[in-house]
Amino acid sequence: LRKLLRHRSAWPFTDPVDPEALGLTDYFQVITSPMDLGTVRAKLESFGYTGAEEFVSDVRLTFDNALLYNPPADRVHQLAGIMSDCFERDWVKEEAKLEAKGVRVSVG
């Protein structure tokens with residue numbers, strides 16, 4: 001997660017979306033389960049996840065929401081694709097490390 005938060009393309013995903021400040025009047029009609037990397041970090045630090053599945057699901061939700069709400073030509077949509085690809089590449093490596101240590105990880 002630290003690597004994602006430090007990524008140069010992470011800036012739109014580090015805090016919850018503020019639809020009022022951004023003038024996104026339909027945001028909550030389109031996005032029913034908001035998520036951001038700052039919330040993921042807070043939940044991780046407070047031991048709010050019972051397993052890797054929940055953590056991975058929330059990270060993916062962060063980028064899936066951005067891809068859903070923003071049109072493909074929008075910069076945030078493009079950054080979400082970059083960040084999602086980065087996460088998925090890194091997650092494969094982390095998952096392999098955990099499994100090598102005997103930690104069972106069942107994430108799709």
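On a predicted model such as this, the values are computed, not experimentally measured, just so you know. (Residues numbered from 1 in each chain as written. Predicted model: local features only at pLDDT ≥ 70, side-chain atom pairs only at ≥ 80, totals over all residues. Heavy atoms only, no water.)

(A) Here's a closer look at the packing of aromatic side chains. Scanning the model with the defined rule gives 6 aromatic pairs in all. When the ring of F13 is compared with that of F63, the centres are 5.3 Å apart and the planes differ by 85 degrees; the resulting orientation is edge-to-face. Residue F13 is found in the loop between α1 (2-6) and α2 (19-22), and its partner F63 is found in helix α5 (residues 52-69); the two are separated by 50 residues along the sequence. Since its relative accessible area comes to 4%, F13 is described here as buried. (Phe/Tyr/Trp six-rings, centres within 6.5 Å; stacked < 30°, edge-to-face > 60°. Helix = DSSP H or I, 4+ residues; strand = E, 2+ residues; numbered from the N terminus. Buried < 20%, exposed > 50% of the residue type's maximum accessible area, 1.4 Å probe, protein only.)

(B) Layout of the layout of surface pockets. Roughly 520 Å³ of volume is contained in the largest pocket. Contributing to the lining of the largest pocket are 18 residues, with L1, R2, L44, F55 and W91 lying nearest its centre. Elements represented by at least two residues in the lining of the largest pocket include exactly α1, α4 (37-45), α5 and α6 (75-100). For the lining of the largest pocket, the element with the most residues is α6, which contributes 5 residues. Classifying every residue of the lining of the largest pocket by side-chain character gives 10 nonpolar, 2 polar and 6 charged. Put simply, the second largest pocket is a space of about 420 Å³. Lining the second largest pocket are 20 residues; nearest its centre among them are P12, V17, L22, L24 and V76. (1 Å grid on protein atoms, 1.4 Å probe; cavity = no way out; pocket = protein on both sides within 12 Å on 5 of 7 lines; lining within 4 Å. Points joined across faces, edges and corners; volume = space filled by probe spheres on them. Nonpolar A, V, L, I, M, F, W, Y, C, P; charged D, E, K, R; others polar.)

(C) Examining the packing of α4 against α5 more closely. Between α4 and α5, the shortest axis-to-axis distance is 9 Å and the interhelical angle comes to 165 degrees. Between α4 and α5, the interaxial angle falls into the category roughly antiparallel. The interaxial crossing formed by α4 with α5 has right-handed handedness. Taken together, the residues of α5 that come into contact with α4 (itself represented by L37, V40, K43 and L44) are F55, D58, V59, T62 and F63. In terms of residue class, the contact of α4 with α5 is built from 6 nonpolar, 1 polar and 2 charged. (Axes fitted to C-alpha atoms, helices over the stretch in contact; angles between N-to-C directions. Parallel < 35°, antiparallel > 145°, perpendicular 65-115°, else oblique. Left-handed = near helix turned anticlockwise from the far one by under 90°. Contact = heavy atoms within 4.5 Å.)

Spatial relationships are all this shows, so hold off on functional conclusions.
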